[in-house]
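Report on the structure
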Amino acid sequence: MSCEAVDDFAKALAGKKFKTILADPPWQFQNRTGKVAPEHRRLNRYGTMTLDDIKALPVADVADNPAHLYLWVPNALLPEGIEVLRAWGFEYKSNIVWHKVRKDGGSDGRGVGFYFRNVTELVLFGVRGKGARTLQPGRTQVNLLATRKREHSRKPDEFYNIVEACSPGARLEMFARGTREGWSAWGNQADDYEIGWDTYSNHSQSLMAAE
């Protein structure tokens, strides 16, 4: 899959440069017997990529200088997330925490985890080049976003508002689920995203936002 993905990425984005890149890779977990693994035969939600496959994507070739990277990573794969960030040519600087909450604002304990019940996900924030600070809104933006969950793996819409306020265009979303105005998108669900499993009926409702 690595060669195919690399070739597709390079062909689709040839000649383009992006100042902001957002990626939500289809991480592959080591423990395929647990519900946390999306490739588990009972779930079969989407295909996954190995760590080497993800690192091999030529992201550095399409990243401008300077540039920002927002990389979603599961709590269990934090070390792997740092590896990917560095392999793509970025230096880790900070993170944003997504707190998954219930309708009443409490933690949504329906998450999974071998050691603790996960109610958060991390976004690693990395930069490349000089003068890569966030835009002015980033100086007051807290690094915590609390929203309700949607379908499996889909991230909150409110997160895009944070990225757009804090980081410049042109913007690329990798492994995109659908398209968004003002963004370029790459991924096998970018143009035709259809939910094929049970999902939550609610839409994301932001409980914390930038002042």
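To start, this report covers the structure provided alongside it. (Residues numbered from 1 in each chain as written. Predicted model: local features only at pLDDT ≥ 70, side-chain atom pairs only at ≥ 80, totals over all residues. Heavy atoms only, no water.)

A tally of helices and strands in the protein chain yields 5 helices and 7 strands. When the helices and strands of the protein chain are listed from N to C terminus, the series reads α-β-α-α-β-α-β-β-β-α-β-β. Across the 211 residues in the protein chain, those meeting the buried criterion constitute 47%. Of all intrachain contacts in the protein chain linking residues separated by at least 6 positions in sequence, the fraction that spans at least 24 positions is 72%. When the accessible surface of the protein chain is summed, it comes to about 11,500 Å², and 48% of that surface belongs to carbon and sulfur atoms. (Helix = DSSP H or I, 4+ residues; strand = E, 2+ residues; numbered from the N terminus. Buried < 20%, exposed > 50% of the residue type's maximum accessible area, 1.4 Å probe, protein only. Contact = heavy atoms within 4.5 Å. Areas by Shrake-Rupley, 256 points an atom, 1.4 Å probe, with all protein chains shown as cover.)

Once that is clear, we can look at the pattern of salt bridges. Within the structure shown, the criterion is met by 9 salt bridges. The residue Lys55 makes a salt bridge to Glu83 at a minimum N-O spacing of 3.0 Å. Of this pair, Lys55 sits in helix H2 (residues 51-56) while Glu83 sits in helix H4 (residues 78-87), and the two are 28 residues apart along the sequence. Looking at Lys55, the relative accessible area reads 27%, which means it is partly exposed. Looking at Glu83, the relative accessible area reads 35%, which means it is partly exposed. Among the salt bridges present, the one from Arg102 reaches Asp104, with a minimum N-O distance of 3.0 Å. Since its relative accessible area comes to 58%, Asp104 is described here as exposed. (Salt bridge = Lys/Arg side-chain N within 4 Å of Asp/Glu carboxyl O.)

The biggest cluster of nonpolar side chains holds 31 residues, and the ones touching the most others in it are Ile21, Leu57, Trp88 and Met174. Broken down by secondary-structure element, the contributors of at least two residues to this core are helix H1 (2-12), strand E1 (18-23), helix H3 (59-62), strand E2 (63-73), H4, strand E4 (120-128) and strand E6 (171-174). If you tally residues by element for this core, the top one is E2, at 5 residues. With near-sequence residues (within four places) excluded, Ile21 lies in contact with Val59, Val62, Ala63, His68, Leu69, Tyr70, Phe90, Leu172 and Met174. (Core = buried A, V, L, I, M, F, W, Y, C linked by side-chain atoms within 4.5 Å.)

Before going further, it helps to spend a moment on the side chain of Lys155. For Lys155, the location among the structural elements is in the loop between strand E5 (144-147) and helix H5 (157-166). A residue is classified by how much of its surface remains accessible, and Lys155, at 9% relative accessible area, is buried. At a separation of 2.9 Å, a polar atom in the side chain of Lys155 contacts the side chain of Asp24. What Lys155 contacts, discounting residues up to four positions off in sequence, is Asp24, Trp72, Trp98 and Glu121. (Polar contact = N/O pair within 3.5 Å; in protein donor to acceptor, adjacent residues only side chain to side chain.)

Judged from the 8 bridges that link them, strand E3 (residues 91-100) and E4 form a sheet pairing that is antiparallel. Opposite Trp98, over in E4, you have Glu121 as the bridge partner. Two strands pair when backbone bridges link them, and E3 and E5 are joined in this way by 4 bridges, in the parallel orientation. Bridge pairing links Lys100 to Thr147 in E5. (Pairing = 2+ DSSP bridges.)

Before going further, it helps to spend a moment on the packing of aromatic side chains. Working definition: an aromatic ring pair is given by the centre-to-centre distance plus the angle between the planes. Per the stated rule, a full pass over the model turns up 8 aromatic pairs. An angle of 80° between the planes, with centres 5.9 Å apart, marks the rings of Trp72 and Trp98 as edge-to-face. Note that Trp72 is positioned in strand E2 and Trp98 in strand E3, a separation of 26 residues in sequence. The burial state of Trp72 is the same as that of Trp98; both residues are buried. Feature note: the residues Tyr70, Trp72, Trp98, Phe125 and Phe159 constitute an aromatic cluster, connected by ring pairs. Across from the ring centre of Trp98, 5.0 Å away, lies the NZ or CZ of Lys100, which sits over that ring. (Phe/Tyr/Trp six-rings, centres within 6.5 Å; stacked < 30°, edge-to-face > 60°. Lys NZ or Arg CZ within 6 Å of the ring centre and 35° of its normal.)

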